[in-house]
Amino acid sequence: MQFCGASNSRRTGRRGLAVALFCLVGVLAAVAPVWAREGVEVGANSAFARLVPAENVEQSAGQQYGQLLRQAAASNALAPNDHPQLRRLRAIAHKLIPLATEWNPRAKDWRWEVNLIGSKQINAFCMPGGKIAFYSGILDQLKLTDNEVAMVMGHEIAHALREHARERMGKTAVTHGAARLGGAIAASVFGIDPRLTDGLARGGANLLTLEFSRSDESEADLVGMELAARAGYDPRAGVTLWQKMSAANKGAPPQWLSTHPSGKTRIAEIEKNLPKVMRLYEQATRG
C-alpha cells in the first residue's frame, strides 16, 4: 500500500523518467538504420498488375502452355519424364520452388510444371502460374552447369513471381486506351457488362511471346540470383552465364531476351549485387 500512496513528487519523478525514456527511444529509432531484408532490393510489385485479375492471366497461361506441350508432343519434341536433362531440370526446380512464396504468396497454390522441348532455340520461360519450359538448345549449345541452369530458371521464375506479364498487360490497357480492351478489363475488375470481356481475349497478350522491359529483366536477374543462392547454387554463375550468352550471340541478346539489357550491363549489375547474396549461398551450402 505504501507504493500506491507515494507522494506526488515521486509520481512526478516516475512520470518524468517515463517521458524521458519514451523520447530517448523515439530519438534512437529515428537515427538507427532501418532493418532491411537480407538479399536483393527491387521494391514492390507494379501497381499496373492490379488492372488485370491474376486468375485470368494464370488461366490463359495454363491454356497456352498446354497447347505448346501438345504441339511439341505431336512433333516428338517433348522430352519424356525419364529424359536425363528433364530430370536434371526438375531437380533444380525442386530446390527453387519452395523459396518462391517469399516473393509472391500466390505461388504456394500454383500447379508448377517443368518440361523440356527439343529445339535449337536458346530459350526458356516460366509463365504465370508456374509453367516452366526449357528448350534443349539453351542446355546443349551453352553447355550450362547446374549453377547456370539455376540462374536461368530463377530469372524466369522471377518474371512470374513479380507478375511482369500482368504488369505489361495493365500498362498496355492504360497506354493504348483501347475501348475494347479497356472495357474487358473493366468487366473483369468492376463487374461491368460481361459482353465486353471477349475484348480481353482478342486484345490480351500472347504470354509465350511477351516481351518484358529492361527494368523487368534487370529485376528478374536480381530476384533469380537470390532464389538460386538461397537454394544453394553459386550466384557467381550469373557472370559466366552471360559471358556464354554474349559469346553465342556475338554480343547481341539471344532471341529470348531480344529487347533486353546488353550482356555487359547485366554482368555489371550482377557483380554489383553479388555481396548481397553470397552470404545466403554460403548459408545454404554450409549445412
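Residues numbered from 1 in each chain as written. Predicted model: local features only at pLDDT ≥ 70, side-chain atom pairs only at ≥ 80, totals over all residues. Heavy atoms only, no water.

1. Considering the confidence of the model for the chain
Going by this rule: Think of pLDDT as the predictor's per-residue confidence, scored from 0 to 100. Two residues form a contact once any of their heavy atoms are found within 4.5 Å.
The predicted model of the chain has a mean per-residue pLDDT of 78, with 69% of residues at 70 or higher. Overall, residues 1-12 carries pLDDT values under 50, and its contacts beyond four positions in sequence, including any with other chains, amount to 4 contacts. Every residue in residues 17-35 scores below 50 in pLDDT, and together they form 0 contacts with partners more than four places removed in sequence or on other chains.

2. Some thoughts on the environment of asparagine 123
Selection criterion: In this text, helices come from DSSP runs of H or I with a minimum length of four residues, and strands from runs of E with a minimum of two, each type numbered from the N-terminal end. Here the term buried applies to any residue with accessible area under 20% of the maximum for its type, exposed to any over 50%, and partly exposed to those in between, with areas from a 1.4 Å probe on protein chains only.
Note that asparagine 123 resides in the loop between strand E1 (113-117) and strand E2 (124-127). Given a relative accessible area of 13%, asparagine 123 falls into the buried group. Sequence separation between asparagine 123 and serine 136 is 13 residues, and the spatial gap between their C-alpha atoms is 8.1 Å.

3. Topic: the packing of helix H9 (residues 214-230) against helix H11 (residues 263-286)
Inclusion rule: Between N-to-C directions, angles span 0 to 180 degrees; the directions come from axes that are lines fitted to C-alpha atoms, helices contributing only their stretch in contact. Each angle receives one of four descriptions, namely roughly parallel if under 35 degrees, roughly antiparallel if over 145, roughly perpendicular if within 65 to 115, and oblique otherwise. Crossings are assigned a handedness: left-handed for a near helix turned anticlockwise from the far helix by less than a right angle, right-handed for a clockwise turn.
Relative orientation of the contacting elements H9 and H11 amounts to 20 degrees, with a least axis distance of 8 Å. Taken as axis vectors, H9 and H11 run roughly parallel relative to one another. The two elements H9 and H11 cross, and the hand of that crossing is right-handed. Contact with H9, carried on its side by Glu217, Asp221, Leu222, Met225, Glu226, Ala229 and Arg230, involves Arg266, Glu269, Ile270, Asn273, Leu274, Val277, Leu280, Tyr281 and Ala284 of H11 and no other residues of that element.

4. As for the packing of aromatic side chains
For clarity, the cut-off: Pairing of aromatic side chains requires ring centres within 6.5 Å, counting the rings of Phe and Tyr and the six-membered ring of Trp. Pairs whose planes differ by under 30 degrees are stacked, by over 60 edge-to-face, and all others tilted.
The tally for this structure, following the rule as stated, stands at 2 aromatic pairs. Centroid distance tyrosine 65 to phenylalanine 125: 6.4 Å. Interplanar angle 90 degrees. Geometry classified as edge-to-face. Of this pair, tyrosine 65 sits in helix H2 (residues 54-74) while phenylalanine 125 sits in strand E2, placing them 60 residues apart in sequence. A centroid spacing of 5.4 Å and a plane angle of 50 degrees characterise the contact between tryptophan 110 and tryptophan 112, whose relative ring orientation is tilted. Residue classification places tryptophan 112 among the buried residues on the basis of a relative accessible area of 18%.

5. Points about the nonpolar core
Inclusion rule: Here, nonpolar core means buried Ala, Val, Leu, Ile, Met, Phe, Trp, Tyr and Cys residues that are tied together by side-chain atoms lying within 4.5 Å of each other.
Phe134, Ile138, Met153 and Ile157 are the most contacted members of the largest nonpolar core, which has 54 residues in total. Looking at which element gives the most residues to this core, the answer is helix H5 (residues 146-161), with 9 residues. Formed by 16 residues, the second largest nonpolar core is a distinct cluster that contains Val57, Tyr135, Ala165 and Leu207.

6. A few points about H11
The cut-off we apply is this: The reported bend at a residue is simply the angle between two axes, fitted to the 7 residues ending at it and to the 7 residues beginning with it.
Taking the largest bend as the criterion, H11 deviates by roughly 55 degrees, centred on leucine 274, and proline proline 275 comes between one and four positions later. What H11 keeps buried is the set Gly263, Arg266, Ile267, Ile270, Asn273, Leu274, Val277, Met278, Leu280 and Tyr281.

7. Let's talk about the pairing of E1
Going by this rule: Paired strands, as defined in this entry, are two strands with at least two bridges between them according to DSSP.
Most of E1 is tucked away, with 4 of its 5 residues classed as buried. Sheet topology note: the E1/strand E3 (residues 131-135) ladder contains 5 bridges and is parallel. Residue isoleucine 117 lies in a different strand from E3, and its bridge partner there is tyrosine 135.

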